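What follows is the residue order along each chain.
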Amino acid sequence: MIFQELAQAIWVSVKVSAAAAAIASALAVPLALFLSSAQFRGKRWVLLINQTLMAAPTVVIGLLLYFLLSRNGPLGMFGLLYTQTAMMFGEILLILPIIIGFAYTALRQVDAKARLTALSLGATAGQAGWVVIREARFPLLVAILAGFARAISEVGVAMMLGGNIRGYTRNITTTIALESAKGEFTNGVILGVLLLFLTLGINLMVNLGLRSRD
Amino acid sequence: MAVKAYELKDIRFGYPGSRFELEIGGLAIDAGTIAALVGPNAAGKTTLLMLLGLLHKPSAGAIQLFGQNPWNEGNRLFLRRRELAMVSHNPYLFKGTVFDNLVFGLKVRGISEKEWKAKAEEALGLVDMSGFEQKPASGLSAGQAQRIALARALILKPRVLLLDEPTANIDASLVSRIEALINEVNSRMGTTIVFSTHNFSQAFRIANEVIYLSEGKRVEYSHENYFSGHAQSDGRVSWIEPKSGTKIFFPGQFSGHLTCVISPGKIKIFSDEQKKELAGPNLFAGKITRLEMAENDLALVRVAGDLNFRINLPLQELKKKKVALSMQILVKFPPEAVEVIK
C-alpha cells in the first residue's frame with residue numbers, strides 16, 4: 001500500500017513537471033530566440049524583469065494563482081483549484097522565466113554568423129531561426145532540464161494549488177513536507193534522495209538520447 | 001546597354017553603437033562581370049558585401065538587384081537572396097558533417113534529396129576537397145573551412161557570388177587555383193562576382209572593375225595613388241622611394257618590398273606661396289594637369305610632379321583655394337595617412 005502511494009506520488013511529480021517543462025519550453029524558446037535576435041526599445045528592461053522573476057518565490061506564485069483559481073476568484077468557475085492542472089499552471093509560471101533566461105543566454109552564445117550564414121544560403125527567417133536553435137541544442141537542453149528540475153523539486157505551488165490530496169495531487173515534495181511535519185524525518189530524507197536519483201535518471205536519459213542522435 | 005546586377009544610390013548604413021558609417025553615393029556593377037572591393041581594414045568592404053548580400057538593410061538610399069528593389073519584397077525577400085550566395089572570410093560552418101553543410105542551401109530550397117550527393121561531390125571537386133563529405137565540419141582548418149564554404153555557395157549556382165577575402169586563409173599554393181576558379185565560374189556560368197581583398201595585384205589580376213573604399217566611402221584611386229618600393233627604416237619611421245629622390249615617410253618599422261596607399265581625404269593642397277610656412281615630411285611640389293567635375297560636388301584633380309596623384313576634392317575647397325589648371329601647388333599629408341597594404 002505504501003509502495004503504491006509512493007509510486008503514485010512519483011508519477012504525479014514526473015507527469016506534472018514534465019508537462020509544465022514541455023509547455024513552458026514551447027513558449028520560452030521562441031521568446032528567447034526573439035529576444036536574442038531582435039533589437040527594440042525596452043529590451044533591457046524585459047531582460048531585467050525576467051531575471052527578477054527567475055527568483056520568484058514559489059509560495060508567491062502559489063498564492064497568486066490560489067486567489068485567481070479559488071471559488072470566488074476570477075477563474076473560479078473552471079474549478080481548477082486542487083487539481084493537477086492547477087499545479088501544472090503554477091509550475092509553468094514558475095519555470096517560464098528560468099527557461100527564457102537560460103535559453104536567451106544559450107542562443108546569444110551561438111555565433112551571430114549562424115543566422116546570417118543560413119540567410120545568405122537562402123533560408124527563410126523561420127528556417128534561419130531553426131538553425132540557431134539547432135546550433136544551440138545542448139545549452140538549450142540544459143535550460144529545459146533546469147526548468148524541469150525546478151518544477152519537480154518545488155513544494156510551494158504544489159502544496160497551495162494541489163492541496164496535497166492523497167492519491168491525486170500528492171507528489172514527492174508534498175509527501176516529504178508531510179512526512180517531516182509528522183516527525184518522520186528518515187522517510188523525508190529517503191524521499192529526498194529518491195527525488196535526486198529520479199532527476200539524475202531523467203537527465204541521463206535525455207542527454208544520452210540527444211548524443212546518440214547527434 | 002549592359003544589364004546591371006547592382007545599382008546603389010545614396011546608400012548609408014551604420015551599426016548600432018558604432019561610429020562607423022558606410023556612405024556610397026553611387027555604384028553600379030554590370031551583370032556577368034567581376035568586381036573587386038579594395039581598401040584597408042575598416043574601410044567598409046565587408047559591410048558593403050553584407051548590403052549587397054541583402055543581409056543588412058541600408059538606413060537610407062536604394063539598392064537595385066537586377067533592376068528591382070529587393071527590400072520591397074517584404075516576406076519574400078528570401079527569394080531574392082536565393083539569387084545570391086555569400087562566403088565570409090572567416091566562414092561559419094554548421095555543426096555536423098561537411099556534407100550537411102554543403103547541402104544546406106539545397107535543403108532549404110526544397111531540392112530533391114536524390115540530387116544532393118552528386119552535387120556535393122561536384123562542388124567538393126571544384127575546391128580540391130573530394131572525399132571530405134563525412135568529415136566533421138568542426139575539425140577542419142581555417143583554409144579547409146573557407147574552401148568548404150566556397151563549395152557550399154557554388155553548389156547553389158547563384159547569379160551573384162559575393163566573396164569576402166576569398167583567399168585570406170588559403171595556402172599560397174592554392175591561391176592561384178581559387179583565383180582560376182573565380183574566373184571559371186564567371187566565364188562558364190556568367191555569374192556576377194563581387195569580392196573583397198587587401199591585395200591590389202589580385203584585384204587588378206582578376207576583376208573587371210576595382211572599387212576602392214576608405215573609411216566607409218568609395219574613393220577615387222588610381223595607380224598613381226599607391227606606391228610599391230623597397231622600404232627602409234631608421235628604427236623610428238620607415239620610408240619607401242617610389243621615384244628617384246622622393247621619399248614617402250610613414251610610421252613604424254618596415255623593411256623589404258611594400259605597397260603603400262595614401263588616403264585621399266588626408267591629402268592637403270596648399271598654394272606655392274605657402275612653401276615657407278610648411279615643413280616636415282611628405283611635402284611635395286606639383287602642377288595641376290587635370291581638373292574635372294566628378295560626382296557629388298567633387299572635382300577630380302590630377303597633380304603631376306614629385307608625386308603623381310589623382311584625387312577627388314570638394315569643389316568648395318578648390319574654389320576657396322582658387323585652384324586652377326596648370327597651377328603650381330604643394331601637396332602634404334601626414335605620415336599616418338600612409339597605409340601599408342602588404
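Throughout this document, residue positions are counted from 1 along each chain, in the order its sequence is written. Here the convention is simple: chains get letters from A, ligands get numbers from 1, in the order in which they are written. Owing to the predicted nature of the model, reporting of local features is limited to residues with pLDDT of at least 70; listing and counting of side-chain atom pairs is limited to 80 or more, with chain, interface and lining totals taken over all residues.

1. Digging into the overall build of chain B
So, step 1. Only DSSP runs of H or I covering at least 4 residues are called helices, and only runs of E covering at least 2 are called strands; the numbering of each starts at the N terminus. From N to C terminus, chain B includes nine helices and 19 strands.
So, step 2. Backbone-placed C-beta atoms define the burial measure: a residue is buried with 20 or more other C-beta atoms within 10 Å of its own, exposed with 12 or fewer, and partly exposed in between. Residue burial in chain B is summarised as follows: out of 342 residues, 37% are buried.
So, step 3. Think of it this way: build a C-beta for each residue from its backbone, and any pair within 7 Å is a contact. Pairs at least 24 apart in sequence give 66% of the contacts found in chain B among residues at least 6 apart.

2. Side note on the overall build of chain A
So, step 1. Per the secondary structure count, chain A includes 10 helices and zero strands.
So, step 2. Listing each helix as α and each strand as β along chain A from the N terminus yields α-α-α-α-α-α-α-α-α-α.
So, step 3. C-alpha atoms of chain A, sized along the principal axes, occupy 65 × 45 × 25 Å.
So, step 4. Residue burial in chain A is summarised as follows: out of 214 residues, 38% are buried.
So, step 5. A sequence separation of at least 24 residues applies to 74% of the contacts in chain A between residues at least 6 apart.

3. Notes on helix H5 (residues 112–120) of chain A
Every α-helix carries 3.6 residues per turn, so stepping three or four residues along brings you back to the same face.
So, step 1. Listed as buried for H5 of chain A are Ala114, Arg115, Thr117, Ala118, Leu119 and Ser120 of chain A.
So, step 2. Tucked into the core, H5 of chain A has its buried residues touching helix H1 (2–37) and helix H6 (125–135) of chain A together with helix H2 (77–81) and strand E5 (84–87) of chain B.
So, step 3. Two residues or fewer after H5 of chain A comes glycine 122 of chain A, characterised by a positive phi angle close to 100°.

4. Details of the packing of H1 of chain A against helix H7 (residues 137–153) of chain A
Residue and element names in this part refer to chain A.
So, step 1. Running from N to C, H1 and H7 point in directions that differ by 140°, and their axes come no closer than 9 Å. It follows from the interaxial angle that H1 and H7 lie oblique. The two elements H1 and H7 meet at a crossing, and its hand is right-handed. Every residue of H7 that contacts H1 at Ser13, Ser17, Ala18, Ala20, Ala21, Ala24, Ser25 and Val29 is listed here: Leu140, Ile144, Gly147, Phe148, Ala151 and Ile152.
So, step 2. Residue polarity is assigned by list, with Asp, Glu, Lys and Arg as charged and Ala, Val, Leu, Ile, Met, Phe, Trp, Tyr, Cys and Pro as nonpolar; anything else, Gly included, falls into the polar class. Within the contact of H1 with H7, the residues separate by chemical class into 10 nonpolar, four polar and no charged. Helix axes are fitted to C-alpha atoms over the stretch in contact, other axes to C-alpha atoms as well, and angles between N-to-C directions run from 0 to 180 degrees. In these notes the angle categories are as follows: under 35 degrees is roughly parallel, over 145 is roughly antiparallel, 65 to 115 is roughly perpendicular, and the rest is oblique. We call a crossing left-handed when the near helix sits turned anticlockwise from the far one by less than a right angle, and right-handed when that turn is clockwise.

5. Let's talk about the domain arrangement of chain B
So, step 1. Along its sequence, chain B is organised into domain 1 (4–219) and domain 2 (223–340).
So, step 2. The source of the domain bounds is an automatic or database domain assignment. Centre-to-centre, using C-alpha coordinates, domain 1 of chain B lies 34 Å away from domain 2 of chain B.

6. Brief notes about the packing of helix H4 (residues 84–109) of chain A against H7 of chain A
All names here are of chain A.
So, step 1. Contact geometry for H4 and H7: axes closest at 8 Å, N-to-C directions at 160°. Comparing their axes, H7 and H4 come out roughly antiparallel. Of the two possible hands of crossing, H4 and H7 adopt the one that is right-handed. In contact with Glu91, Leu94, Ile95, Ile98, Ile99, Phe102, Ala103, Ala106 and Gln109 of H4, H7 contributes Pro139, Leu140, Val142, Ala143, Ile144, Ala146, Gly147, Arg150 and Ala151.

7. Digging into the confidence of the model for chain B
So, step 1. Every residue is assigned a pLDDT by the predictor, reflecting its confidence on a scale from 0 to 100. Of the residues in chain B, 90% reach a pLDDT of 70 or more, and the chain-wide mean stands at 86.
So, step 2. In the predicted assembly, ipTM is 0.74 and pTM is 0.72.

8. Remarks on H4 of chain A
Residue and element names in this part refer to chain A.
So, step 1. Each helix should span, by expectation, one fewer than its residue count multiplied by 1.5 Å. Between the first and last C-alpha of H4 there are 36 Å, a value that for 26 residues agrees with the 38 Å anticipated at 1.5 Å per step.
So, step 2. Take the seven residues that end at a residue and the seven that start at it, fit an axis to each, and the angle between those axes is the bend at that residue. The largest bend along H4 reaches roughly 35° and is located at isoleucine 95, with the proline proline 97 sitting one to four residues downstream.
So, step 3. Counted residue by residue, H4 has 20 buried out of 26 residues, so it is predominantly covered.

9. Concerning the nonpolar core
So, step 1. Nonpolar cores are identified as sets of buried Ala, Val, Leu, Ile, Met, Phe, Trp, Tyr and Cys residues joined via C-beta atoms within 7 Å. Ranked by size, the top nonpolar core spans 123 residues in total, and within it Ile95, Ile99 and Ala103 of chain A carry the most contacts.
So, step 2. Top element by residues in this core is H4 of chain A. It accounts for 16 residues.
So, step 3. With 18 residues, the next largest nonpolar core counts Trp239, Cys260, Ile269 and Phe333 of chain B among its residues.

10. Topic: the environment of lysine 217 of chain B
Residue and element names in this part refer to chain B.
So, step 1. Mapped onto the fold, lysine 217 is located in strand E9 (residues 217–219).
So, step 2. You can call lysine 217 partly exposed: it has 19 C-beta atoms within 10 Å.
So, step 3. Residues lysine 217 and glycine 25, spaced 192 residues apart in sequence, show a C-alpha to C-alpha distance of 8.3 Å.

11. A few points about the pairing of strand E3 (residues 34–38) of chain B
Residues and elements named next belong to chain B.
So, step 1. Within E3, five of the five residues are buried, leaving the element largely enclosed by the surrounding structure.
So, step 2. Of the two faces of E3, the one holding Ile34, Ala36 and Val38 and the one holding Ala35 and Leu37 are both buried throughout.
So, step 3. Here, strands pair whenever DSSP counts at least two bridges between them. Of the strand pairs in this sheet, E3 and strand E7 (residues 192–197) are connected by five bridges, and their pairing is parallel. Counterpart to leucine 37 in the pairing with E7 is serine 196.
So, step 4. Note: E3 against strand E8 (residues 209–214), four bridges, orientation parallel. Residue pairing for E8: valine 38 is matched across the bridge by tyrosine 212.

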